Amino acid sequence: MASFTTLRDAVAAHVRDGDVVAMEGFTHLIPFAAGHEIIRQGRRDLTLVRMTPDIIYDQMIGMGCARKLVFSWGGNPGVGSLHRMRDAVENQWPHRLDIEEHSHAAMANAYEAGAANLPFAVMRGYKGVTLPEVNPNIRSVTCPFTGEVLAAVPAVRPDVAVIHALRADRRGNVLIEGITGVQKEAVLAARRSIVTVEEIVEDFGPRSPNAVILPHWTVGAIAVVPRGAHPSYAHGYYKRDNAFYQAWDAIARERDAFLAWMEENVMKRADLALEPAR
Amino acid sequence: MNAVTPSEMMTIAAARALRSTDVCFVGIGAPSAACNLARLTHAPGITLIYESGTIDTRPDVLPLSIGDGELCDTALTTVSVPEMFRYWLQGGRITVGFLGGAQIDRFANLNTTVVGDYDKPKVRLPGGGGAPEIAIHCGEIFITMQMGSRAFVETLPFITSLGHGTGPGSRERLGVTTKGPTRVITDLCVMEPDAHTCELTVTSLHPGATREAVQGACGWPVRFAADIAETPAPTAEELTVLRDLHARTRRAHSGEV
C-alpha cells in the first residue's frame, strides 16, 4: 500500500544490509537520487540486480555498497567502460564483487517470471556461447510437448525494487510513460518497493487507456524527487544528460577523482533526500 | 569535400547492406550510424528497432545510448523490454540484426565479455546485452567493426554471441535455423562467410585498401575470394548525409541544442 514519505525515510525503512535490490529503468528513468541516498546511508553487502548497471551501480559499487552484481550489460552506453565496476571485478577494489552475468533476454524474462510468481523463466537462447559455462544459474528445461530443450534461468525476486516514475496521484497510483523497460515487472516481482517521482498530481488527467500504471496497492514508499533520474532522464520533463555520461568516463577512471566527486556531489547532498511528500 | 576516412567508408559500406524492406535490430555505436544512414539515403522504408523497446524509430540525431529519449519520441510505438525480447526478437519478426564487437574470429563468433580468464580477467568488457539472442533469432546478421590484430583474432577467449561456431553445420546442430552472420563490414574491406567452409573471406576491398593491409590487421591467415571486387567509393550524397548526421549528433550530445 502506497505511503508518501521522504526519500531518506523510504530508504531507511525499506533497504537493509544484505538485501537483494533491483533498481531498474532501461536508460530512461534510472533512480539516481535513490541510489545516492542508499550510498549516503552506508548500506553494505547488497546484491544489486540491474540489466544495465549504468553509472548508478558504478557509483554504488565504487562506494562499497555491493557484495554481488547480477547484470546483462555493464558498460557506459556509447562511451566505454564502467571503470568502478571494472576495478571491482579486475582488482577487487574497494573489495571483492561476485558477479552473476546473463543476457538481456534472460534478465527480462527473469523479471517477468518474478512478476508472474513463477520460479523460473524459459526462453530460446544462450546457444553456442560460453556464458552457461561460467554461470551455474543458466540451465535448461525440456518442453513436455515438443521435447525441445530450452534455456531456463531463475526468476528475479528482489527484497526491494527501486524505480523512478514520472508522477503519482494523491492516492499513490504511479504513472510511467516513454521507454518503460522492466520497471513494472521489477516492482511486481519484489517484496517491497520504493518509487521516486517527479511530482504528485491531483489526477493523471487525459491519458491513453493503456498507459503503464502501477496501482497504489502494488507500491510501497513514494517520495517526490524532482530530477531524481538525472543524469538519466524523465520523458516530458528533462533530457538525458549525454554530456555528463561522457564526462563520467574521466571522473570514474581513477579512484581518488571518483571519491572526491562522490564526496562533493553525493555525500554532502543529504538535503536532496528531504523533499517533503506533499 | 575532405578525404573519406576509413571509419566513414566503413559506415557507408555497412549502410549499403541494408534494404528498405528490412526490419533491423540495431546495436549501438557503428551499427546505429550505418542503420540511420541507410534510412536517410537509399532505404527510407527500413524499420529500425532498438532493444529499449522502440519500434520503427526515426531519430534526427544518433542516440548515445540504446534508450535516448529521441528514439522513443520518434518511434511508431514503444513496448516494454520483456515484450521486445519475447514477441519481437524471439518471435522471429526481425530480418537483420546489426552488431558490433570487441573481438571476432574467422567464423564470425563475437566476444564482448572478457579478455583473459573469466574469473580473473585482464580486461572486463561490458558483456553480451542483447547480442546472444540477437545472433540466433534475427534472419541474418551484419557485423561492423574496425580491423586490428587484437580485434580479429585466431581464437576467442570467450564466445559472447554465436556466428558460425566451428564451421559448417554448427548452427544447425544447436537447433538454430537462422542464417547467422552473412557480412562483416570493416574499415578496410567487406568479408562474407565462404559458402562451403563458413570461413570469413574478403569479397570486396575498399578504395585504397590493400591485401597486405587487411592481412596485417587480421590475426588469422585471411582468405580472399577469387573474384574480389573494389567497394564503390562513397557518393557525394552518402558522405554529406553521414557528415551532417554526425555534426547534428555532436551538437546535441554536447548540450548545445
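See the structure printed just above.
Small disclaimer: the values here were computed from a predicted structure and weren't measured.

Rules of the game
- Residues numbered from 1 in each chain as written.
- Chains lettered and ligands numbered in written order.
- Predicted model: local features only at pLDDT ≥ 70, side-chain atom pairs only at ≥ 80, totals over all residues.
- Heavy atoms only, no water.
- Helix = DSSP H or I, 4+ residues; strand = E, 2+ residues; numbered from the N terminus.
- Rg over C-alpha atoms; globule rule 2.2 N^0.38 Å.
- Buried < 20%, exposed > 50% of the residue type's maximum accessible area, 1.4 Å probe, protein only.
- Contact = heavy atoms within 4.5 Å.
- Areas by Shrake-Rupley, 256 points an atom, 1.4 Å probe, with all protein chains shown as cover.
- Pairing = 2+ DSSP bridges.
- Buried area = accessible area lost by both parts, 1.4 Å probe.
- Salt bridge = Lys/Arg side-chain N within 4 Å of Asp/Glu carboxyl O.
- Polar contact = N/O pair within 3.5 Å; in protein donor to acceptor, adjacent residues only side chain to side chain.
- Nonpolar A, V, L, I, M, F, W, Y, C, P; charged D, E, K, R; others polar.
- Phe/Tyr/Trp six-rings, centres within 6.5 Å; stacked < 30°, edge-to-face > 60°.
- Lys NZ or Arg CZ within 6 Å of the ring centre and 35° of its normal.
- Axes fitted to C-alpha atoms, helices over the stretch in contact; angles between N-to-C directions.
- Parallel < 35°, antiparallel > 145°, perpendicular 65-115°, else oblique.

## Thoughts on the overall build of chain B
(1) Moving on: A count of helices and strands for chain B gives eight helices and 14 strands.
(2) Moving on: The globule rule puts the C-alpha radius of gyration for 257 residues at 18 Å, and the 18 Å found for chain B is close to it.
(3) Moving on: Considered along the principal axes of its C-alpha atoms, chain B spans approximately 45 × 45 × 40 Å.
(4) Moving on: For chain B, buried positions account for 58% of its 257 residues.
(5) Moving on: In chain B, 65% of the contacts between residues at least 6 apart in sequence involve partners at least 24 apart.
(6) Moving on: Taken as a whole, chain B presents about 9900 Å² of accessible surface, with 53% of it coming from carbon and sulfur.

## Overview of the pairing of strand β8 (residues 120-123) of chain A
Residues and elements named next belong to chain A.
(1) Moving on: Judged by which residues are buried, β8 turns out to be one-sided: Ala121 and Met123 face inward and are buried, whereas Phe120 and Val122, on the alternate face, are not.
(2) Moving on: Summarising the sheet, β8 and strand β10 (residues 149-154) pair through four bridges and their orientation is antiparallel. Paired with Ala121 across the strands is Val153, a residue of β10.

## Quick look at the interface of chain B and chain A
(1) Moving on: On the side of chain A, 46 residues touch chain B, which itself brings 43 residues to the contact.
(2) Moving on: Taken together, the two surfaces of chain B and chain A that pack against each other cover about 3700 Å², and 60% of this comes from carbon and sulfur.
(3) Moving on: Three residues stand out in chain B for area buried against chain A, namely Leu64(B), Arg124(B) and Pro126(B), and they jointly supply 18% of the buried area on that side.
(4) Moving on: The tally of links between chain B and chain A comes to three salt bridges.
(5) Moving on: In this structure, Arg240(A) and Asp68(B) form a salt bridge, with 3.9 Å as the shortest nitrogen-oxygen distance.
(6) Moving on: Viewed at the interface, chain A and chain B are joined by 21 residue pairs in polar contact (both at pLDDT 80 or more).
(7) Moving on: If you list the elements that add at least two residues to the side of chain B that touches chain A, you get α3 (69-73), α4 (81-90), β9 (121-124) and α5 (131-137) of chain B.
(8) Moving on: With five residues, α4(B) is the single largest residue contributor to the side of chain B that touches chain A.
(9) Moving on: Of the residues contributing to the side of chain B that touches chain A, the split by class is 18 nonpolar, 18 polar and seven charged.

## Let's talk about the packing of aromatic side chains
(1) Moving on: Inspection of every chain in the model, using the stated rule, returns eight aromatic pairs over all chains.
(2) Moving on: Both rings, one in Phe98(B) and one in Phe142(B), keep their centres 5.6 Å apart while their planes meet at 80°; by these two values the pair is edge-to-face. Within this pair, whereas Phe98(B) is found in strand β5 (residues 96-99), its partner Phe142(B) is found in strand β10 (residues 140-144), the two being separated by 44 residues in sequence. No difference in accessibility class separates Phe98(B) from Phe142(B), as the two residues are buried.
(3) Moving on: On the numbers, 5.6 Å between centres and 20° between planes, the contact of Tyr118(B) with Phe158(B) is stacked. Here Tyr118(B) is found in the loop between β8 (114-116) and β9, whereas its partner Phe158(B) is found in the loop between β10 and α6 (170-173), with 40 residues between them in sequence.
(4) Moving on: By relative accessible area, Tyr118(B) is classed as buried at 11%.
(5) Moving on: With relative accessibility at 3%, the residue Phe158(B) sits in the buried group.
(6) Moving on: One aromatic cluster is present, built from ring pairs that chain together Phe244(A), Trp248(A), Phe258(A) and Trp261(A).
(7) Moving on: Residue placement shows Arg211(B) over the ring face of Phe224(B); its charged tip is 4.9 Å from the ring centre.

## Thoughts on the sheet that holds strand β9 (residues 139-142) of chain A
Residue and element names in this part refer to chain A.
(1) Moving on: Strands sit in the order β8-β10-β9 across an open sheet of three strands; the sheet is antiparallel. Looking along the sheet, the strands with just one partner apiece sit at the ends: β8 and β9. Pairs of neighbouring strands in the sheet enclose a mean axial angle of 40°, with direction left out of account.
(2) Moving on: Pairing between β9 and β10: four bridges, direction antiparallel. Following the sheet pairing, Thr142 is matched in β10 by Val149.

## What about the environment of Leu76(B)?
All names here are of chain B.
(1) Moving on: Within the secondary structure layout, Leu76 lies in strand β4 (residues 75-78).
(2) Moving on: Taking the C-alpha atoms as reference points, Leu76 and Glu192, separated by 116 residues in sequence, lie 33 Å from one another.
(3) Moving on: Apart from residues no more than four positions distant in its own chain, Leu76 is found in contact with Ile55 and Asp56.

## Structural notes on the packing of helix α3 (residues 54-62) of chain A against helix α9 (residues 255-267) of chain A
Axes are the key here: two packed helices are described by the angle between their axes and the distance separating the axes.
All names here are of chain A.
(1) Moving on: At a closest axis distance of 11 Å, the pairing of α3 and α9 adopts a crossing angle of 100°. For the element pair α3 / α9, the angle class is roughly perpendicular. On α9, the residues that touch Asp58, Gln59 and Gly62 of α3 are Phe258, Trp261 and Met262.
(2) Moving on: Residues of the contact of α3 with α9, tallied by class, amount to three nonpolar, two polar and one charged.

What is shown is where atoms sit, not what they do.
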